[in-house]
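Coordinate analysis (summary)
Residues per chain, in single letters:
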Amino acid sequence: MSEILAASNLIKRYGAVVALNGMTCRFQRGKIYGLLGPNASGKTTFMKICAALTMLYGGQVLIDGVRPGLATKAKVAYLPDGNYFPEWMHVGDTVEFFSDFFADFDRLKAEHLLRELELEKSKLITTLSKGMMARLKLAVVLSRRAHLFLLDEAFDGVDPVTREKIIDIILDTFDSQSTIVLATHHIDYVDKLLDEVKLLRRGEIIREVAADEIRQNTGKSIGEYYLEVFRHEKAH
Amino acid sequence: MKKLIKWQFRAYRSGALLAYLALFVVTGVAAWMGYTLLNVPAQLAVGVFRILLWGSLGGILAVQYIPYLTLKVEGTKADDGTLPLHVPLSHRQTLLAKLLACLPLLAAYIALNTLMFHALPLDLPQLAELNPQRAAVRATFYILGVSLLINALVVRTLLRGASKWHAANFATDSALLICYALLGGILIGFIGVVGLPDPLQAALSATIGIALTYLNGYLLEHYTPQLEFL
């Protein structure tokens, strides 16, 4: 199994605030990772560096052996936490935009996902609720045949039924040559998706464990394991 | 590139851009009506027309560029409107496409100017009919001005976060504004008064403008922090 993403000694500061403090980790192809940690642990900063949206940092990140930049944007599908669509766009425009600029975009899959997730093409972005917006972002991002998917709080605002539907879609369409990195606070929702968990605290990886190892060795869910680790960390 | 330009034009559907475009048109109509129907002095009509016109053009430019450069605007979230940053296209191409998408506005300005020239008395000092060569010079000055503006924004983005103190950031912004206003004034003034023939003026300012646009793209790709928010 080959490596898609490698970060070594990654450092990122915002003025006096240290967002990433020597983060080192590796991600293999064909796996779904959970990048988990409390607020301000550096999850979003790490994803933005990998998505070539933050260019100034210390240390090294390599995606398929290449530094994040124009070339890697074609391989990486990043789903940001916030809304990144311009307010004048309609749902249909977002599909056309992705289709125009990403060679790996599967328009048929996008049309299918829009139907599955009950999104009307004629709806204006600004009229979508938080949950509908989350569905739209997922629909367009998952319609790419990217090598690496970075999903930042992808399930925020999504109702339980839709969440189940999306998880099924991810499992059904997951390509063994690609990799998904999920950053989320809703750990129980994604439990069954994850192959491996990386726990992040104050910009450093503190644990890297296979999901099956947690389930089999501790008999706990990933959410329970997460709580145990961070309670323990807090106590020390 | 064609697709990029197509999406730049589609951005004119934005509410803020439409509002500025409406202001642009209403200004011209109001100035003409004020003069012909309400007997507003022609000098005043032209003066107000000019101020509002440049105001609306400036607003359109700001709406086109500021979300792209992701300078944090009060009331917006970090990711708002930053979709073009996610696509695998160079900033140089995108900035060039934005420049091209703004050119029809300049054409509209020149058309309005010409209309005003014919609708108002000919002896007004601020209003002169633009021959094609002068129009080309104006167009290239516009390209140069926009490139300088973007350069100022890029440098501002580079300097952002240098200090947590609002006062220091405000001082930096003010210093940048003064520096670039002076630089723009001197550059455009120099090209204008050096006595070069119009085609040469146009060629010179277009060359500097396009070179600056490429430099801006390069700086964005390699040195600016982009989406720099926690």
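Conventions adopted
Residues numbered from 1 in each chain as written. Chains lettered and ligands numbered in written order. Predicted model: local features only at pLDDT ≥ 70, side-chain atom pairs only at ≥ 80, totals over all residues. Helix = DSSP H or I, 4+ residues; strand = E, 2+ residues; numbered from the N terminus. Rg over C-alpha atoms; globule rule 2.2 N^0.38 Å. Buried ≥ 20, exposed ≤ 12 C-beta atoms within 10 Å, placed from the backbone. Contact = placed C-beta atoms within 7 Å. Nonpolar A, V, L, I, M, F, W, Y, C, P; charged D, E, K, R; others polar. Domains from an automatic or database assignment. Axes fitted to C-alpha atoms, helices over the stretch in contact; angles between N-to-C directions. Parallel < 35°, antiparallel > 145°, perpendicular 65-115°, else oblique. Pairing = 2+ DSSP bridges. Core = buried A, V, L, I, M, F, W, Y, C linked by C-beta atoms within 7 Å.

1. Some words on the overall build of chain A
Of regular secondary structure, chain A possesses nine helices and nine strands. In terms of overall dimensions, chain A is globule-like: its C-alpha atoms have a radius of gyration of 18 Å, near the 18 Å expected for 236 residues. In terms of its C-alpha atoms, chain A occupies a principal-axis envelope of roughly 55 × 40 × 35 Å. Taking all 236 residues of chain A together, 42% fall into the buried category. Within chain A, residue pairs in contact and separated by at least 24 positions form 71% of the contacts whose partners lie at least 6 positions apart.

2. Regarding the environment of Lys198(A)
All names here are of chain A. Turning to its location among the elements, Lys-198 is positioned in strand 8 (residues 196–201). Accessibility expressed as a C-beta count within 10 Å gives 22 for Lys-198, which makes it buried. Separated by 52 residues in the primary sequence, Lys-198 and Ala-146 place their C-alpha atoms 21 Å from one another. Discounting chain neighbours no more than four positions away, the residues touching Lys-198 are Cys-25, Tyr-33, Leu-35, Ile-205 and Glu-208.

3. Here we look at the interface of chain B and chain A
Taken together, the 28 residues of chain B in the interface contact 27 residues of chain A. Residue composition of the side of chain B that touches chain A, grouped by class: 11 nonpolar, 10 polar and seven charged.

4. Thoughts on the domain arrangement of chain B
Residues and elements named next belong to chain B. For chain B, the domain assignment lists domain 1 (1–128) and domain 2 (130–225). With 17 residues of domain 1 in contact, the opposing surface of domain 2 contributes 20 residues. Top element by residues in the side of domain 1 that touches domain 2 is helix 4 (residues 91–119). It accounts for 11 residues. A per-class count over the side of domain 1 that touches domain 2 returns 12 nonpolar, four polar and one charged.

5. Overview of the packing of helix 5 (residues 130–142) of chain A against helix 6 (residues 160–173) of chain A
For any two helices packed against each other, the geometry is given by the interaxial angle and the distance between the axes. All names here are of chain A. Contact geometry for helix 5 and helix 6: axes closest at 12 Å, N-to-C directions at 5°. In terms of orientation, helix 5 lies roughly parallel with respect to helix 6. Across the interface between the two elements, Arg-135, Leu-138 and Leu-142 of helix 5 pack against Thr-162, Ile-166, Ile-169, Ile-170 and Thr-173 of helix 6. Tallied by class, residues from the contact of helix 5 with helix 6 come to five nonpolar, two polar and one charged.

6. Focus: the sheet that holds strand 2 (residues 17–28) of chain A
All names here are of chain A. Strand order in the open sheet made by the three strands is 2-1-4, with antiparallel pairing throughout. Bordering the open sheet on either side are strand 2 and strand 4 (58–63), each of which pairs with just one other strand. For this sheet, the mean angle separating the axes of adjacent strands, direction not counted, is 15°. Where strand 1 (residues 3–14) meets strand 2, nine bridges bridge the pair, whose relative direction is antiparallel. If you follow Ala-6 over to strand 2, its bridge partner there is Arg-26.

7. Things to note about the sheet that holds strand 5 (residues 76–79) of chain A
All names here are of chain A. Judged by pairing direction, the sheet is mixed, and its six strands sit side by side in the order 5-6-7-3-8-9 without closing on themselves. Of all the strands in the sheet, the pair left with one neighbour each is strand 5 and strand 9 (204–210). With strand direction ignored, the average angle separating the axes of adjacent strands in the sheet is 15°. Relative to the sheet, helix 8 (residues 211–218) contacts strand 8 and strand 9, its axis offset from that of strand 9 by approximately 70°.

8. Topic: the nonpolar core
Of all hydrophobic cores here, the largest spans 94 residues; its most connected members are Cys50(A), Val76(A), Ala139(A), Phe149(A), Leu150(A), Val181(A) and Leu182(A). Top contributing element to this core by residue count: helix 5 (residues 132–159) of chain B, with 12 residues. Here this core gathers at least three residues from each of two domains, domain 1 (1–128) and domain 2 (130–225) of chain B. In this structure, Phe149(A) is in contact with Ala77(A), Val141(A), Ser178(A), Ile180(A) and Val181(A), ignoring residues within four places of it in sequence. Counting residues in each nonpolar core, the second largest holds 13 residues, with Tyr20(B), Val46(B), Leu53(B) and Met116(B) among its members.

9. A look at unusual backbone geometry
All names here are of chain A. For Glu-118, which is not glycine, the phi dihedral falls at a positive 55°. Relative to the assigned elements, Glu-118 resides in the loop between helix 4 (107–116) and helix 5. Unusually for a residue other than glycine, Glu-153 sits at a positive phi of about 50°. Tracing the backbone shows Glu-153 in the loop between strand 6 (148–152) and helix 6.

10. Re the pairing of strand 6 of chain A
Residues and elements named next belong to chain A. Among the five residues of strand 6, five are classified as buried, and the element is accordingly described as predominantly covered. Going residue by residue along strand 6, you find Leu-148, Leu-150 and Asp-152 tucked away on one face and Phe-149 and Leu-151 tucked away on the opposite face as well. Here strand 5 runs beside strand 6; their pairing, made up of four bridges, is parallel. Across the sheet, Leu-79 pairs through a bridge with Leu-151, a residue of strand 6. Bridge count for strand 6 against strand 7 (residues 179–183) is five bridges, and the pairing is parallel. The partner of Asp-152 across the bridge, within strand 7, is Ala-183.

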